[in-house]
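Spelled out, the chains give:
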Amino acid sequence: MVKPFEAEARFFVGEDFKERLEKLGFKVIKEYSFEDTFFCPRGGWSEEGKTLRIRDWGDRCEVLFTKVKKFRFGDVEFKRSEYPEGKLKLFEGPKERCLEIMKDLEMVECGKVKKEVGYLLSNGEVTVALEKINGKWVLEVEVEGDDPKEAAERMKHIMSRLGLSEPLSGSTYELFVKSTNTSNPS
């Protein structure tokens with residue numbers, strides 16, 4: 001079974017945006033930090049939408065694989081995971097072992113994303129992620145739905161309530177690694 005569409009919108013925001021959300025009734029429901037190290041085949045992926053990474057939580061690491069298809073509906077970008085689980089956890093264990101797996105798979109490092117601090121905030125109706133990524137504050141709003149038109153309308157409603165416009169296109173990988181990494185093998 002394929003997961004529903006996820007409509008994602010990201011926005012660069014100021015470091016005071018957490019206080020703004022709290023004034024709107026949002027509360028922190030989870031705090032986190034991690035670093036993703038992305039890997040690619042030497043010649044790059046044969047198609048868009050694939051990522052392979054080691055996620056380092058500090059006390060443990062995971063090897064994660066993602067494959068998504070992207071769609072646009074109006075101003076909102078949608079993605080649908082090719083796998084019902086979303087990110088597939090291929091392995092969990094020590095970082096050294098994760099790196100050994102990447103070497104054995106003949107993958108090369110193609111960038112890092114450090115989520116220095118992240119907050120999952122909710123007002124009971126809407127949940128958002130506010131993250132400091134590679135030194136920049138990013139707000140991610142995500143809605144799910146089987147109907148992209150309905151999901152796009154919900155996204156526009158949330159953006160309006162939060163005073164946001166002009167979402168960034170692209171995933172975290174695309175914004176912070178692919179667009180700035182000159183050593184990307186693809």
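Below is a summary of the structure that appears in this document.

## Considerations on the state of the cysteines
Here's step 1: In the structure shown here, the tally under the stated rule is one disulfide.
Here's step 2: A sulfur-sulfur distance of 2.4 Å marks the disulfide that ties C40 to C110. Taking the sign of the torsion about the S-S bond as the criterion, the disulfide between C40 and C110, at about 65°, is right-handed. Pair noted here: C40 is in strand β2 (residues 27-41) and C110 is in strand β7 (residues 107-122), with a separation of 70 residues, a long-range link. For the pair C40 and C110, one class covers both residues: buried.

## Quick look at helix α3 (residues 148-162)
Here's step 1: Look at α3: 21 Å from first C-alpha to last across 15 residues, which is about the 21 Å you get at 1.5 Å a residue.
Here's step 2: Within α3, burial applies to A151, A152, M155, I158, M159 and L162. End-on view of α3: buried residues confined to an arc of 125°, all on one side of the axis. Exposed residues pointing more than 90 degrees away from the buried face of α3 are listed as K149, E150 and S160.
Here's step 3: Of the residues one or two after α3, G163 is the one with positive phi, at around 70°.

## Overview of the pairing of strand β4 (residues 61-73)
Here's step 1: Sheet topology note: the strand β3 (residues 50-56)/β4 ladder contains seven bridges and is antiparallel. Of the residues in β4, the one forming a bridge with K50 is K67.
Here's step 2: Hairpin geometry of β3 and β4 is characterised by an intervening segment of four residues between the two adjacent antiparallel strands and by a positive phi of about 100° at G58.
Here's step 3: Across five bridges, β4 lies against strand β6 (residues 88-93) in antiparallel orientation. If you follow E62 over to β6, its bridge partner there is E92.
Here's step 4: In this structure, β4 lies alongside strand β5 (residues 76-81), joined through six bridges in antiparallel fashion. Following the sheet pairing, V68 is matched in β5 by S81.
Here's step 5: Counted between consecutive antiparallel strands, the loop separating β4 from β5 contains two residues, among which G74 sits at a positive phi close to 65°.

Criteria and thresholds
Every chain is numbered independently, its residues counted from 1 as its sequence is written. The predicted nature of this model means local features are confined to residues of pLDDT at least 70 and side-chain atom pairs, given and counted, to a pLDDT of 80 or more, with totals for whole chains, interfaces and linings taken over all residues. Neither water nor hydrogens contribute to the side-chain values; these are computed over all heavy atoms in the structure. Cysteine sulfurs are considered disulfide-paired once they come within 2.5 Å of each other. Numbered from the N terminus, helices here are DSSP runs of H or I no shorter than four residues, and strands are runs of E no shorter than two. Exposure categories follow from relative accessible area, calculated using a 1.4 Å probe and restricted to protein chains: below 20% of the type maximum is buried, above 50% is exposed, and the middle band is partly exposed. A helix is expected to reach a length of 1.5 Å times the quantity of its residues less one. Here the arc refers to the set of directions running from the helix axis out to each C-beta atom. The rule for pairing is simple: two strands pair if DSSP sees at least two bridges between them.

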